[in-house]
Amino acid sequence: MAKSLVIVESPAKAKTIGKYLGNDYTVEASIGHIMDLPKNDIGVELKKRTFEPTLIVSPGKEKVVDRLKKLASKADAVYLAPDPDREGEAIAAHLKMQISPAARGKRVQRVTFNEITPKAVKAAFQHARDIDEHLVDAQTTRRVLDRLVGYQISPLLWDKVKRGLSAGRVQTVALRLIVEREREINAFQPVEYWTIDAELTPKAGKQSFIARLVGIDGEPARVANGKDKEGKAQFLSNALPDQKITDATIAALNKATWAVRAVEKKERRRNAPAPFTTSKLQQDAAGRLGFNVRRTMGVAQRLYEGIDVGSDGTVGLITYMRTDSVRVSPDAITEARDYIGKKLGTQYLPSSPNQFKGKKDAQDAHEAIRPTHVEYTPDSIRKYLTDEQYRLYKLIWNRFVASQMTPAVFDQTTVDIAAKSDKTYDFRVSGSVLKFDGFLKVYEAPQAVAKKAQDEAGKQDDDSDDTDTRLPALNQGDALNLNKLDPQQKFTDPPPRFNEASLVKTLEELGIGRPSTYASIINTIQERDYVKKMKAKLVPTEIGMVVTELLVKNFPYIFKYDYTAQLETELDDVEDGKEKWTDLLKGFYDHFEQELTVAEKNMEEIKRWEKPTTEVCEKCGSPLILKWGKFGSFFSCSNFSKAKPMSIAGSSVKKDPKAAIKKITAKLGYPLTVKGMVDDAEAFAEEVEDNAQLRDALAQASERAKKIVIEPFSCDFTKENFADKPDLASPDAQDAELEEEYCDNCGKQMVLKNGPFGPFMSCPDYNADPPCKTIRKLNQKVQQKPPEPTGEICPECGKNELVKRQGPYGEFVSCSGYPKCKYVKQNLLDVPCPKCGGKIAERRTRRNTTFYGCTNYPKCDFTSNQKLVPGPCPQCNSTYLLEVERKDGVFLVCPNNVEALPKRKVKAGEEAAKPATECHFEKRIGDAPAPKELERPDPEKTRPLVEA
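Conventions and cut-offs
Residues numbered from 1 in each chain as written. Predicted model: local features only at pLDDT ≥ 70, side-chain atom pairs only at ≥ 80, totals over all residues. Heavy atoms only, no water. Helix = DSSP H or I, 4+ residues; strand = E, 2+ residues; numbered from the N terminus. Buried < 20%, exposed > 50% of the residue type's maximum accessible area, 1.4 Å probe, protein only. Contact = heavy atoms within 4.5 Å. Areas by Shrake-Rupley, 256 points an atom, 1.4 Å probe, with all protein chains shown as cover. Pairing = 2+ DSSP bridges. Axes fitted to C-alpha atoms, helices over the stretch in contact; angles between N-to-C directions. Core = buried A, V, L, I, M, F, W, Y, C linked by side-chain atoms within 4.5 Å. pLDDT = per-residue confidence, 0-100. Phe/Tyr/Trp six-rings, centres within 6.5 Å; stacked < 30°, edge-to-face > 60°. Polar contact = N/O pair within 3.5 Å; in protein donor to acceptor, adjacent residues only side chain to side chain.

J.: I'm lost on the overall build of the protein in this one. Help?
T.: Helix and strand counts for the protein come out as 20 helices and 42 strands. Within the protein, the fraction of its 948 residues that count as buried is 46%. For the protein, the proportion of contacts with a sequence separation of at least 24, taken over those separated by at least 6, is 67%. Entry remark: accessible area of the protein is about 49,700 Å², with carbon and sulfur atoms responsible for 48%.

Pasting the structure below:
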């Protein structure tokens, strides 16, 4: 009997839905997108301005598509059930495009559900529909926009800066935010200000309290603090400008009479927060749990797709996690209110459900993020969840339940105090005491979380919330005693760098991006090495600063905040059917094409940077110039010359010295070095600075040598410009946590593998059938740390210190006098080379494996994958043995014992080398070593790159 075929994106989701639907359905996974634009071409029609995309089956997905076609041809009906958003709708449309011919007229319908529960899934199949073309158009438009920007600006960056760079439409705007904040920090000038706190005690009591100066003679105490972006003056409240005024104020206050001027008591209510939207979840997970955006969305995806909770089987624990709506279904509200009334008490249950207003431009396509069943309390299913799943689920569950609870109530008291001396000095203190906890019973306020963190760290915040600050009984007119005054000098802090949560918040406020794109935006700018995370803060790299400056300067309209936000609104209009997708693209491309033409002519060529500096060369004392290289800017000596040495015969100098001088000065400039060479050895050398010195030096060289070499003076000194790069040696750069990673397509935990180009993170199903080809590369080299001195003197030149450097194959020790001294410290074996008698050294391949080779390479090409051990073979004439590791132990093996050695690959057309003497000697010397675990490369030497 034929079954209905259901297609989802991930195997985890397929497993959950398959249990709900039963034996009448076959549930398969497409493992993400099956079609995309080609990689080797822009793939968008531009000549006629139709913007029609050329879609192909994604490389590596051919087997998946063939399998789905085969299943569709046998099924009664086909249901497409990817996620309920634009991207999911596009996946469904591409699936239908591929499957419809094989389905041969059978129904191919779309089903969507906001939560993966038996009720929601079965209801979705009763309301199957056709593909929503407006949603598909919106996703196609976004993809085409990103392709146009990426494929037409990136080559420009390759030409002007360096190969491998790329630009993104939304990612560049997010990077611009980070770069402009960094510039604000660098340009920040701190403002001095003083605060005065007074410790006071009522004359009739013993409990002291602290009040702060807020004004003098009715005028507020404040200090000018520049202007805001709109040009309005800004002030620091409750502050004095300098020490002179503060000292005068202190002197007056010590003589003052203190009394209570007014006491105001009122009840303050704090309403319950709305349930989570995507951005709020990302922000709270960062602040409360320390999760980055990618981790939050990965864990939420697994909670949404389903967790095995014992006897109930696999259950989707939360609703769809990409949403900007605070709307909640009536059934969920009823369930939450029932739980609150029965478990927490009716005093926590408001008379009517709490209602929340979303932001104006919210799409409102899905509910807020909430638990699918309130009965699954975090503690009741704790044993079925990993630690991170439990913590995130608890956060979502608590927030949702709290959203339907009564407000928290505080008793707040504000006391105004007058200190009368030559003037009247105004002080104020506020205290607030929790009267009824309300929703705080299940969901702690952010201020309380921050205060708890400060208490654990032993810190205090002067401007912290006054909640739970208790004051003594005070009445108007009460006299007060002054215990002490506490003046404090302070300086304003620069604006803080963005972290992932604050960047998401800013993007949301500006209307840039949508819930489904925040994580990819942040990941992309880090993966492209435009931003580095240091102490959880996003710091732009030098290349990020340069690229942003170039793009914003040459594409002022396309990368404008307002315009990017406007495009998001227009994409929403395409989704709603209010605007045609080709009209949106035409409007965009008209602006883009104009700016692209101008940028191709006017964009600065960073590759040819030569900027004068005040730095001085450490070798010759000449000025240094700033240049651009493979890894960013660096300092180079201005005396560096690219001119090549020239040689002339000594006989030609004797014959016509004037012609020789004319020939030399036509090609080379002074100063020069004249060398007389005899059999590749210097017989004469002298530096010259003018024609007269050159004539004399040539005459002397021609008498002593037949060959004369004239070299231009060139200083090869360089040093990296560390000032414009994040400090990789600082403690802040060393805190990168190696978190568990999960496949973006199927949700399985990524594993570390080794490939031809080094280690990489891979989906465990990389070689499965069908395969999931998601990988994250780890071997892309970026800025190096400065060389570290070792304290040893170079044994070759005897004058320079040895330093530890970073290389493509790891750390190594070499002479600091490179390139004049090319000494590299090697781990030598006590065995002479069997071929030439030279030294054998331990070496590393780019795959980070060890081999042993002759130090006379390339003259001698001897290599061995096994360690050479000194000592003759007991059975033959071999002067050394090999240490061979096998599963059954470690053995000493004669190199002539071919059968006991690992087989070596032979090049095509060559025969395997045969030993001159056959030998069968081998001796077991130890147990087999435990298999080594692959280590991730140092995050400071690598940058990630996600490919699917």
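Picking up where we left off.
J.: Please explain the sheet that holds strand β22 (residues 632–637) as it appears in this structure.
T.: Pairing between the strands of a sheet comes from backbone hydrogen bonds, and it takes one of two forms, parallel or antiparallel. Strand order in the open sheet made by the four strands is β20-β21-β22-β27, with antiparallel pairing throughout. Here the strands that pair on one side only, and so sit at the sheet edges, are β20 (611–616) and β27 (718–720). On average, each strand axis in the sheet is tilted by 40 degrees relative to the strand beside it, whichever way the strands run. Both β20 and strand β21 (residues 623–629) contribute to a ladder of three bridges, which runs antiparallel. Bridging across to β21, P612 finds its partner in I625.

J.: I'm lost on the nonpolar core in this one. Help?
T.: Across soluble globular proteins, nonpolar side chains show a tendency to be buried alongside one another. In terms of nonpolar packing, the biggest core is built from 127 residues, with F113, I153, L317, L392 and F555 touching the most fellow members. The element contributing the most residues to this core is helix α11 (residues 387–403), with nine residues. Beyond its immediate stretch of four places on either side in the chain, L392 contacts L281, A285, L289, F291, T296, V299, A300 and L303. Membership of the second largest hydrophobic core comes to 24 residues, among which are A256, W258, F427 and L474.

J.: What am I meant to see in the confidence of the model for the protein here?
T.: Any segment with low pLDDT has predicted coordinates that should not be analysed in fine detail. Model confidence for the protein is summarised by a mean pLDDT of 85, while 88% of its residues fall at 70 or above. A low-confidence stretch, residues 779–783 (pLDDT under 50), is modelled with 22 contacts involving residues beyond four sequence positions or located in other chains.

J.: How should I be thinking about the packing of aromatic side chains in this particular structure?
T.: Geometry of an aromatic ring pair is reported as the spacing of the ring centres plus the angle between the planes. This model, assessed by the stated rule, comprises 15 aromatic pairs. A ring pair is formed by Y348 and F436, whose centres lie 5.2 Å apart and whose planes are at 25 degrees; its orientation type is stacked. Here Y348 is found in the loop between α10 (330–344) and α11, whereas its partner F436 is found in strand β16 (residues 424–436), with 88 residues between them in sequence. The exposure class assigned to Y348 is buried, which follows from its relative accessible area of 7%. Its relative accessible area of 24% is what places F436 among the partly exposed residues. Their ring planes at 15 degrees and their centres at 5.5 Å tell us that F588 and F592 sit as a pair that is stacked. One end of the pair is F588 and the other is F592, both in helix α17 (residues 581–602) and four residues apart, which spans about a single turn.

J.: Whenever I open this one, the environment of D312 confuses me. Can you help?
T.: By the element assignment, D312 lies in the loop between β13 (307–308) and β14 (314–315). Within the structure, D312 has its side chain in polar contact with the side chain of Y376 (distance 2.7 Å).

J.: Any chance you could explain unusual backbone geometry here in plain terms?
T.: Glycine aside, residues mostly have negative phi, and peptide bonds are mostly found in the trans state. Note that the residue after Y670, namely P671, is joined by a cis bond; omega there is 0 degrees. With respect to the helices and strands, P671 occurs in the loop between α19 (657–667) and β24 (672–678). We note that D217 has phi near 50 degrees; this positive angle belongs to a residue other than glycine. Among the residues examined, D217 registers a relative accessible area of 45% and is labelled partly exposed.

J.: Where do I start with the sheet that holds strand β5 (residues 78–80) in this structure?
T.: Strand order in this open sheet of four strands is β2-β1-β5-β6, and the pairing throughout is parallel. Every other strand in the sheet has two partners, leaving β2 (25–29) and β6 (108–110) as the edge strands with one partner each. For this sheet, the mean inter-axis angle between neighbouring strands, taken without regard to orientation, is 25 degrees.

J.: I tried to follow the side chain of T141 on my own but got confused; where do I start?
T.: Positionally, T141 belongs in helix α5 (residues 133–160). Within the local environment of T141, its side chain forms a polar contact with the backbone oxygen of D137, the two atoms lying 2.6 Å apart. Residues within four places of T141 in sequence aside, it is in contact with L571, V574, W581, L584 and L585.

J.: What am I meant to see in the pairing of strand β25 (residues 681–688) here?
T.: Looking down a regular strand, the side chains alternate between one sheet face and the other. The pairing of β24 with β25 spans seven bridges and is classified as antiparallel. Looking across to β25, one finds that M677 is bridged to E682. Counted between consecutive antiparallel strands, the loop separating β24 from β25 contains two residues, among which D679 sits at a positive phi close to 50 degrees.

J.: I keep staring at the environment of E52 and nothing clicks. Help me out?
T.: Here E52 is to be found in the loop between β3 (35–36) and β4 (56–57). Residues E52 and T140 lie 88 residues apart in sequence; the distance between their C-alpha atoms is 9.3 Å. Setting aside its immediate chain neighbours within four residues, E52 contacts G43, V44, E45 and W581.

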